[in-house]
Structures are given as C-alpha cells and as structure tokens.
Amino acid sequence: MNYLAPLLVGWLFAAGIYLLTRRNLLRHLLGIALLTHATNLLVFTAGGLTRGQAPIMPGVGKLPPEPYADPLPQALLLTAIVIGFGITAFAVTLVYRLWKLAGTADADALTAGQ
Amino acid sequence: MLPALPIVIPFIAAALCLILRRNPLVARLLSLCAAAALLGSAVFLLNQVAGSGTQTLFVGGWKPPFAIVLIADRLSALLLVASSLVALAITASWFGAPARSEDAAIEQSLFQLMLCGVCAAFLAGDIFNLFVWFEVLLVASFALLAPARNRAGLEALARYMLPNLLGSFLLLSGTALLYAIFGTLHLGDIAKHAAQAADHPALLPTAGLLITAFALKAASFPFFFWLPAPYGRADFPIAAAFAALLTKVAVYGVIRVTLILYSPKLGQVLEPMLVGIAALTALGGVAAALSAEKVRHRLSLLLVGHIGLALLGLSLLTAEGVSAAIFYLLHEMLVIPALFLASDLFFNVADESQYGPSASSRRLPRLLFGAAALIMAGAPPFSGFIGELLLLQACLEKSRFFLMAVIAAAAIGTLYTLSRIWVDDVWTAPADALRSQGKSQPRLALLAVTVLVALLLLAAAAAEQITGFTRQAAEELLSRRGYIEESLYGS
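Rules and cut-offs
- Residue indices begin from 1 for each chain and proceed along its sequence in written order.
- For naming, the first written chain is A and the first written ligand is 1, with later ones following in the order written.
- Residues qualify for local features only when their pLDDT is at least 70, as the model is predicted, and side-chain atom pairs are given and counted only at 80 or more; totals for whole chains, interfaces and linings, by contrast, use all residues.
- Where side-chain values are given, they derive from all heavy atoms of the structure, hydrogens and water being excluded.
- Counting from the N terminus, the helices are the DSSP runs of H or I reaching at least four residues and the strands are the DSSP runs of E reaching at least two.
- Exposed residues in this analysis have more than 50% of their type's maximum accessible area, buried residues have under 20%, and partly exposed residues fall in between, with area computed by a 1.4 Å probe over protein chains only.
- A 1.4 Å probe and the Shrake-Rupley method give the accessible areas. Residues count as covered only by the protein chains that appear here.
- We score Asp and Glu as negative and Lys and Arg as positive, and we do not count His or the chain ends.
- Where a charge lies is defined by one atom per residue type: Lys uses NZ, Arg uses CZ, Asp uses CG and Glu uses CD.
- Buried Ala, Val, Leu, Ile, Met, Phe, Trp, Tyr and Cys residues form a nonpolar core when they are joined through side-chain atoms within 4.5 Å.
- The contact definition used throughout considers only heavy atoms, calling two residues in contact when any of these lie within 4.5 Å.
- Two joining distances apply to patches: 9 Å for like charges and 5 Å for nonpolar side chains (Val, Leu, Ile, Met, Phe, Trp, Tyr), and every residue must have over 30% relative accessible area and no salt bridge.
- The rule for a salt bridge is simple: a side-chain nitrogen of Lys or Arg has to be within 4 Å of a carboxyl oxygen of Asp or Glu.
- Two parts placed together each lose some accessible area under a 1.4 Å probe, and adding up what both lose gives the buried area.
- For the purposes of these results, a polar contact is taken to be a pair of N or O atoms within 3.5 Å, where, inside protein, one atom must be able to donate a hydrogen and its partner to accept one; residues adjacent in sequence count only when each atom of the pair is a side-chain atom.
- When residues are grouped by polarity, Ala, Val, Leu, Ile, Met, Phe, Trp, Tyr, Cys and Pro land in nonpolar, Asp, Glu, Lys and Arg in charged, and all others, Gly among them, in polar.
- Expected span of a helix: the number of residues minus one, times 1.5 Å.

Attention now moves to the overall build of chain A. When you go through chain A residue by residue, the secondary structure sums to four helices and zero strands. For chain A, the α and β elements follow one another from N to C terminus as α-α-α-α. Projected onto its principal axes, the C-alpha positions of chain A cover 65 × 30 × 15 Å. Looking at chain A residue by residue over its 114 residues, the buried ones come to 34%. For chain A, the exposed area adds up to about 7100 Å²; of that, 68% sits on carbon and sulfur atoms. Here chain A contributes 7 positive and 4 negative side-chain charges, whose respective centroids are spaced 10 Å apart.

What follows concerns the nonpolar core. Residues and elements named next belong to chain B. One finds Met114, Tyr160, Phe242, Leu261 and Leu418 to be the most contacted residues of the largest nonpolar core, which totals 205 residues. Top contributing element to this core by residue count: helix 10 (residues 236-261), with 20 residues. For methionine 114, the residues in contact, after removing those within four places along its chain, are Leu137, Ala140, Ser141, Leu144, Ala241, Phe242, Leu245 and Leu246.

Moving on, we get to unusual backbone geometry. All names here are of chain B. In this model, phenylalanine 221 is joined to proline 222 through a cis peptide bond whose omega is -5 degrees. Residue proline 380 is joined to proline 381 through a cis peptide bond whose omega torsion reads 0 degrees. Along the polypeptide, proline 381 turns up in the loop between helix 14 (363-377) and helix 15 (383-397). Phi is positive for alanine 219, close to 60 degrees, though the residue is something other than glycine. Its place among the elements puts alanine 219 in the loop between helix 8 (203-217) and helix 9 (228-233). Owing to a relative accessible area of 0%, alanine 219 belongs among the buried residues under this scheme.

We now examine the environment of phenylalanine 44 of chain A. Residue and element names in this part refer to chain A. By secondary structure assignment, the location of phenylalanine 44 is in helix 2 (residues 25-46). C-alpha of phenylalanine 44 to C-alpha of isoleucine 87: the two residues are 43 residues apart in sequence and 20 Å apart in space. If sequence neighbours within four positions are ignored, phenylalanine 44 has contacts with Leu49, Gln74 and Leu77.

Time to look at a nonpolar patch on the surface. All names here are of chain B. A surface patch of nonpolar side chains, amounting to about 480 Å² of accessible area, comprises Val8, Ile12, Leu16, Ile19, Leu20 and Val26. With four residues, the single largest contributor to the nonpolar patch is helix 1 (residues 5-19). Following the sequence through the fold, leucine 16 ends up in helix 1. Judged by relative accessible area, leucine 16 falls into the partly exposed class, the value being 35%.

What follows deals with the pattern of salt bridges. Residues and elements named next belong to chain B. Overall, the coordinates contain seven salt bridges over all chains when judged by the stated rule. Residue arginine 471 is joined to glutamate 475 by a salt bridge in which the shortest nitrogen-to-oxygen separation is 3.4 Å. Here arginine 471 and its partner glutamate 475 are both found in helix 18 (residues 463-479), four residues apart, which amounts to about one turn of the helix. Salt bridges sharing common partners tie together Glu271, Lys398 and Arg400.

Another aspect to go through is the interface of chain B and chain A. At the junction of the two partners, chain B supplies 28 residues and chain A supplies 31 residues. Summed over both sides, the interface of chain B with chain A buries roughly 2600 Å², with 81% coming from carbon and sulfur. A per-residue breakdown of the area chain B buries against chain A is headed by Arg151, Phe169 and Tyr179 of chain B, which together make up 24% of the total. Taken together, chain B and chain A are joined by zero salt bridges. Viewed at the interface, chain A and chain B are joined by one residue pair in polar contact (both at pLDDT 80 or more). Secondary-structure elements contributing two or more residues to the side of chain B that touches chain A are helix 5 (127-145) and helix 6 (151-182) of chain B. Per element, the largest residue contribution to the side of chain B that touches chain A is 17 residues, and it comes from helix 6 of chain B. Of the residues that constitute the side of chain B that touches chain A, the class distribution is 21 nonpolar, two polar and five charged.

Attention now moves to helix 15 of chain B. Residue and element names in this part refer to chain B. Compared with an ideal rise of 1.5 Å per residue, which puts 15 residues at 21 Å, helix 15 spans 21 Å between its outermost C-alpha atoms and is within 8% of the ideal. Listed in full, the buried residues belonging to helix 15 are Ser383, Gly384, Ile386, Gly387, Glu388, Leu390, Leu391, Ala394 and Cys395. Trailing helix 15 by a residue or two, serine 399 shows a phi angle of about 55 degrees, which is positive.

Structural data, given as structure tokens:
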C-alpha cells in the first residue's frame, strides 16, 4: 500500500492551512498555492496509483495491457491545475493591489480600520 | 437541446458584451435581452419538466454513464426560473447607475458569466462538472467585486475570497474522494450505488467534506463571518445579485449531495449534523443581524439566518421538510433582491446619512421596501409566512419541538430587525435630503422592484400550486428514481 502520496497530501494541506493563518498577506498567497497543489495531488492519488502503462489504446477497440493508469483523474487534474493557476494569478494581483493602496501587507493592520 | 439553453444564452451574452464594450449602454441592453431570453427558456424548461418529467441532455452524444449529463429535474427547473427572474430584475435595475466607459460593459459580461455558472450548476449531473461551474461563478464574482478603487473595497474582496477558495479546495477534495469510493463521477450512478457503499469507511468523511464545502459557500454556521464584508461594499445591483444567487446555489449543492448520497445508515449520522448546522445558522445569523448596525449588514445577516431555516427544512429529510425548504428558498431568492434594490433606491450605501433625491420620489421605494420587509418578516398571508408555516408543519410531523422553537425565534428576530431598520432608517428620513450623486430615480429599477414584489404577492396567492409542485420535487429527490433512471438510461 502506498503511504507516501497520502502523507504528502496531508502534509501539503497542513502547510497550506498553516500559512493561511499567518499575518502577512504574502504567506496567504503561498498558502493558497500549497493548497492548490495539495488538492491536485489528492485528485491524482484518489484515482489509484499504478506503476503501469500509460492509458493509450494500442489499436482500435483494443485495451492497453493491465494494469494501466486511470485516465479520468488525470483529466480532472488538468482542469483543476488550470483553475488553480487562474485563481493564484488573481490572488497575486489582488495582494499586490492591496499592498500598493495600503502600504502594508500585514493582515492585522489592514483590518484595524474596520 | 433545451437543457443547454440556460447555459448557452448567458455565455453568448457575456462574449457579446465584451465585444461591444465600447458601447456600455448597448451592452446593458444586450444583457437585459439575454436575461429575458434566459427567463423564457427557463419557463419553457419548467413546463417540459412539469409535463414529461426530468429532462436530460448527454453532452457530445456520449452514452451514459460516461457522458457528462445535464439534468433538469423539478428542483433545478424551479431554481432556474427563480434565478432568471432575479437576473432580469438586476439587469433592469442596472440602467440607473452611471455608465463609465468600458467598465460598465465588462461588468455586464462578468455578470452574465456568473449567471452562466449559476444556471449550469443547477443543471449539472456530474459532480466534477458541478465543481467547475462553482469555480466559474466564484471567479466571476471575484472579478465583479474587483473594480473597487479603494482599500476598503479590496479588503472586502480579500475577505470574501479566502474562505470561498478554501471551500473550493474542500469541494474538489470531496469530489476526488467520491471518485475513489464510487469509481464514477456521474451523480445518477452514485445515487444508484449509494446504498451499497454505505459501509465504506471513507463515505462519511467524504460526505462531510462535501457538505462542509457547500455550507461554507452558503455562509452557514460557523462559516458565515465572511458574508457581510462583500455584501456591505458592493455596488447595488451586484450586492443584490450575490445575495440572491450565490448562497442559494450552495444550498442547492447541499441538498443535491445529501440526497444523492443518502442511505438510512448514512442518514443516521448526517441528520444530527445537518440539524445542528441549520439550527445554529438560523439562530446565529439572526442574532448577528440584531447586533449589526448598518442596514446592508443587517440584511446580509438576516439572509444567513434564513438560509439556516431552509437548511433546517432539508435536515428533516422528509418530503414535507424538503418541500418546505425548497419553497422557502424560492421565496428568499425573490425577496432578498427586492429588499436590497429597494433599500439602495433609498440610501447611498457608503454613507447612510445621505438619502435619495427628493421626498416625493422616495415614496415608492419606501412603500416597496415596506412591502418586501413585511413579506420577509413572515407577515401573513404572504409567502414568508407560508414558508415558515410549512417548515413548522414539517417539524411538527416529526415531533421536533426544539426545532419549532428555533424557527419561531428566528422569525421573531427577523421581524424585530426589519422593524428596527424601518423605524431607524426608512421611516424617519428627513424631508429635505442631500442629493445622492445627482442621479434621478431610475425608473427601470423601480419597475424591477415593483415586479419582484408583485411576483411575491402572486406567489402567496398561488401558494397551493407552488407547494404542490415543490412537494413533487421533494418526493422525486428523496426517491432519486428520476435521477437514476433518466440520467443513466435517458431519452
């Protein structure tokens, strides 16, 4: 049973959420990035890890020899990576803009004026 | 073909608005026409569903269960009609605001994209597709909040962004685990195997992840602290759009996932969890609304409380309960934008001491706000009262007296908060007020709010038919027969 991948997913989640609780907004960004990676790795792992062939059909109507990797989680993963990339790009722009307007990236200082 | 229309229409409108961005007025008109077309297609779809049952569309012509399927069952069709009504009202009320260069057209495009995400989420029959549409509407909503030029606006956006992103990650994780358990993403397939998989050790954590993700996005306890920030800051049609659409899609997600995964064994564990979340949301939201100060914050937190009430109906897991929840959800989808829009015809959001133009022009918004507030507060014989009565009856059926007390407390809190808003801010507006930004009372916005309130009154009159339909929808959801048969072996 493969323990490394789930442990890695858990570790990335932990690190990402830890970073989200920090004061500096830049750490929030890194936290979001790590969480994206963690979730994507979870999608990949949940589909089942096989040291097998690539899921490519050798001819029309013929399946590749068992065991082959499950192509569906890989497709989900591609979509999720792109979504995560878009979100991270947006978050970076937001943090930059906020830093320019407020002069500080300290989350506590930003909310002090509420 | 028909189930795809509610997705295609806003999408094309979004693209066209971007192309026509040099002409913001044309873009707004286009947006209005698209919302009208969306309403037409939604009503037609509802008609089809009422007549011949669940409608499905297998995208790309692939065979089930590998196809990505768009399913319109009764719940989806009802929510689509309500969303398109809200969209029409909001696009109409946008005409009053000043049109600053290209920003106004881009705003319309983003709104149509958000609408596309909302409608598609209602129609998705595949859990990953649901996730993707949630992301579409989430990012579109970020971009709608983004043009705030000041620090407070961007802070509100950051405060909105982070919890919702966390919710998205949880949702994707839940989807991945669901695939790991069932080997399929197709909701009909999952529903078919839900009973057999009830003993799977990972099923409960997965269900928990999914419900937490949707509960976070629906601003239920204990995740509702992000809600007042963006709703308090956004420009008026955007705040009304958010209030009416975003949280409701998340509640739809909770309903769908709970009832797809439901089996008696899982239900034993899920039910106390859902009841707890719902009751605490209802009480917490209303309590927070009582202690808030600005009108926008009060209304937003009341919204949170009422979402708790809808979830309470769901957590009973009976046909009456789910039917009451659906009815209440529909009522909320119409009354909340009416309140937001009416209050913004009245105040200037940023500074509530500035009132609208002249006393006589405020008369109609004041009347509309009062009517909408009465409906929301649960005054008989309007739809708020009917919704709460249905919820109470559903609780009585299962002898949940504590929940009845919760509903009563939430209703009283709502009534008190709305009365306070009325007395403090609406009734006592001074006769000579400062002009707010020099704009005259936008007529289309007034018309939009009037139509919403009129629809709510109509809903109260036609309550019997509507509740009959929601009852059928609830029974269909609970038996999942339609979902399994139509989606796997469809037309």
